[in-house]
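Secondary and tertiary structure notes
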Amino acid sequence: MDTASTPVRIYTTFQALVRSASLIDVVTGLAFVWAISAAIRAPRKQSRTTKLRGPKGSSLLFGVSKELFKSPDTGSMFEAWSKEYGVAYELPMLLGQKRIILCDPKAVAYLFSRDTRSYVGTPGHKAAVARMIGKGLLYAEGESHRRQRRSMAPSFNSAAVRNSSSAIYKTINKLKVAWQASIDANGSGSVVLDVQKWMNYVSLDAFGIAGFSYDFGSLDGTPNPMISVLDAFAAPSSPSFWDKSVLFLSNFFPFAVNVPTSRGKMLDKLRSRMSEICEIIIENAAKEQEEASNQRVSTIRLLLKAEDEDSDQRITREEVLAQARFMRVLFIASYETTAITMTWALFELARHPDIQTKLRKELLSFGGEPSYDQLTTGFPYLDAVVQETLRFRPAAQERVRQANEDDVIPLSEPVRTKSGELVDSIAVERGTVIGISIPCMNRSEATWGPDAKVFKPERWLEPDGITKKAREVKGHRHVLTFSDGPRTCIGKLFAVAEIKMVLLIVIKNFVLEMRNGPDTKVEMTRGIKMRPKVAGEDGIKVPLRVRPYKG
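Okay, helix α4 (residues 74–85) next. Along its 12 residues, α4 runs 16 Å from first to last C-alpha, staying within 8% of the 16 Å computed at 1.5 Å per residue. Positive backbone phi, at 105°, marks Gly86, one or two positions downstream of α4.

Let us now look at the packing of helix α16 (residues 353–364) against helix α22 (residues 492–509). As a packed pair, α16 and α22 sit with axes 9 Å apart at the nearest point and diverge in direction by 100°. The orientation of α16 with respect to α22, classified from their angle, is roughly perpendicular. Contacts between α16 and α22 involve Gln356, Leu359, Arg360, Leu363 and Leu364 from the first element and Leu503, Leu504, Ile507 and Lys508 from the second. Classifying every residue of the contact of α16 with α22 gives 6 nonpolar, 1 polar and 2 charged.

Contact geometry of helix α8 (residues 158–186) with α22 gives a least axis separation of 9 Å together with a crossing angle of 35°. The two elements α8 and α22 meet at a crossing, and its hand is right-handed. Residues Ser158, Val161, Ser165, Ile168, Tyr169, Ile172, Asn173, Leu175, Lys176 and Trp179 of α8 form the contact with α22, whose participating residues are Leu493, Phe494, Ala497, Glu498, Met501, Val502, Leu504, Ile505, Val506 and Asn509. Its residues placed into classes, the contact of α8 with α22 shows 14 nonpolar, 4 polar and 2 charged.

Another point: the pairing of strand β2 (residues 98–102). Here is the key point about a regular strand: its side chains alternate between the two faces of the sheet. Where burial is concerned, most of β2 is hidden: 4 out of the 5 residues are buried. Pairing between strand β1 (residues 88–92) and β2: 5 bridges, direction antiparallel. Residue pairing across strands places Leu91 opposite Arg99, the latter belonging to β2. Here β1 folds back onto β2, and the loop between the two strands holds 5 residues, one of which, Leu95, carries a positive phi near 55°.

This part takes up the confidence of the model for the protein chain. Across the protein chain, the average pLDDT comes to 82, with 76% of residues at or above 70. Across the protein chain, helix α18 (residues 380–392) holds the top mean pLDDT of 98, while helix α1 (residues 6–20) sits lowest at 47. Residue range residues 1–8 is modelled with pLDDT below 50. Its contacts to residues more than four positions away, or to other chains, number 3 contacts.

The next subject is the environment of Glu79. Secondary-structure assignment places Glu79 in helix α4. Of the residues examined, Glu79 reaches a relative accessible area of 6% and is grouped as buried. It is 8.8 Å that separates the C-alpha atoms of Glu79 and Ala446, two residues lying 367 residues apart in sequence. Ignoring any residue separated from it by four or fewer positions in sequence, one finds Glu79 in contact with Cys440, Arg443, Ser444, Glu445, Ala446 and Lys453.

To continue, consider the environment of Glu90. One can find Glu90 in strand β1. Residue Glu90 is classed as buried on the basis of its relative accessible area of 13%. Between the C-alpha atoms of Glu90 and Ile434, which are 344 residues apart in sequence, the distance is 9.1 Å. Residues contacting Glu90, with those up to four places away along its chain left out, are Leu52, Arg53, Gly54, Pro55, Lys98, Arg99, Ile100 and Lys418. A distance of 3.3 Å separates polar atoms of two side chains, one belonging to Glu90 and the other to Lys418.

Basis of the calculations
- Residues numbered from 1 in each chain as written.
- Predicted model: local features only at pLDDT ≥ 70, side-chain atom pairs only at ≥ 80, totals over all residues.
- Heavy atoms only, no water.
- Helix = DSSP H or I, 4+ residues; strand = E, 2+ residues; numbered from the N terminus.
- Expected span 1.5 Å × (residues − 1).
- Axes fitted to C-alpha atoms, helices over the stretch in contact; angles between N-to-C directions.
- Parallel < 35°, antiparallel > 145°, perpendicular 65-115°, else oblique.
- Contact = heavy atoms within 4.5 Å.
- Nonpolar A, V, L, I, M, F, W, Y, C, P; charged D, E, K, R; others polar.
- Left-handed = near helix turned anticlockwise from the far one by under 90°.
- Buried < 20%, exposed > 50% of the residue type's maximum accessible area, 1.4 Å probe, protein only.
- Pairing = 2+ DSSP bridges.
- pLDDT = per-residue confidence, 0-100.
- Polar contact = N/O pair within 3.5 Å; in protein donor to acceptor, adjacent residues only side chain to side chain.

Okay, structure coming up:
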């Protein structure tokens, strides 16, 4: 018997079972697992976690998890529950699991401040991170996380972004040239462009050049195997029932991330392409070390240097290799998070021509390309537009953490428990799962006032534009788009600078219009992360009409 072929036969048999599985099969299997899970939990001692009120699930099996998974706007769901049950409440999830939701600035700030130690990633989240991008910075907890972040921080501080600004401008100017060429070729004085695709390319190329001395060449049309893989996530597709089921279950069961799906195959291809590119990046880092005149310091170079230092704070060789070979976390953060935010910014400016005109007037008052410091402090309305985009259209959706020890979380206002008692803090037992909705925190009317659901950059310039409650929110200037605490986004300065540079060059040179008018409907769809798309379009397209600005 050929033992080498045994795994292949097992895999083939498993795939056959997967393809033949019906809805009844899946539900029956889940019911069985739920029954076993309930039987195991029954004899346990009573939980010390405060018993909070919350909505009832639509079923004993799924709780509210199916509704959240399918919802295009989970932030509104969390906000509605907060109005009914208070700033902290409990949700019934899959197979009888419970999740506490925090919608309170004080409680959220407390949890984020203790992240990576008292609160850590759930097993399901960590399994997904490990499969997709490896056991690097996003996977690490505690001291390992602190060491790795400390070694990478110099690549993303203000000095590093300042030194990279010319490279970012050079990349964005390629976009300007390409858009003008498309307009000229069309011959009608304007052209409809999928701005989401272009923002993907700008973000990827800028981060590759500025952060890793690697040119993806996506704006030049250079063939690149990784670009084709990333584009596959944006291609029109109808996920099979099995793919959607596995994606749903992977939020609760770590082993599900290894179940073969079409999405999983794309992630495997992405990981393979990124590993190839990381080898090139490491070679570039070695060349940088030989060039004393090179002022820009790549992330890989800093990691290798940190590993070689004779210090108790140095990171281990295994951690260096993990970060070096799994740098896709930073590329994906660039390609996805920054590109999504820039797409939303262009969309909102096209939908609000008055805001676009006001922004253009400010940008045209400055000739040439401003320096990083001028860009940071010299354009108040640009800053307000970017900050409002981060608040109103956060790329991040929900942060889910698990208590690593028993704790007590303080609240800014009391909530009523299931027993009717009013409490101003909640006890959480080790293992308790806690969720924080970023869209809810960023757009809650209770926090931001009655105009919270309005795209309004002026709120950042008016004396009382930011409510007292909103000022209690920590994070980057009172929004949680970049998270907060030890896990706050390490590349937020780079991201904000890049978004500002893109808007500066695009809005100074072009006029953006909604192709089908200001009432164009936008939906959310899943790429690598949740992305916007114009209703009726294939894939994740966001088409806008673009014409030159002629004064």
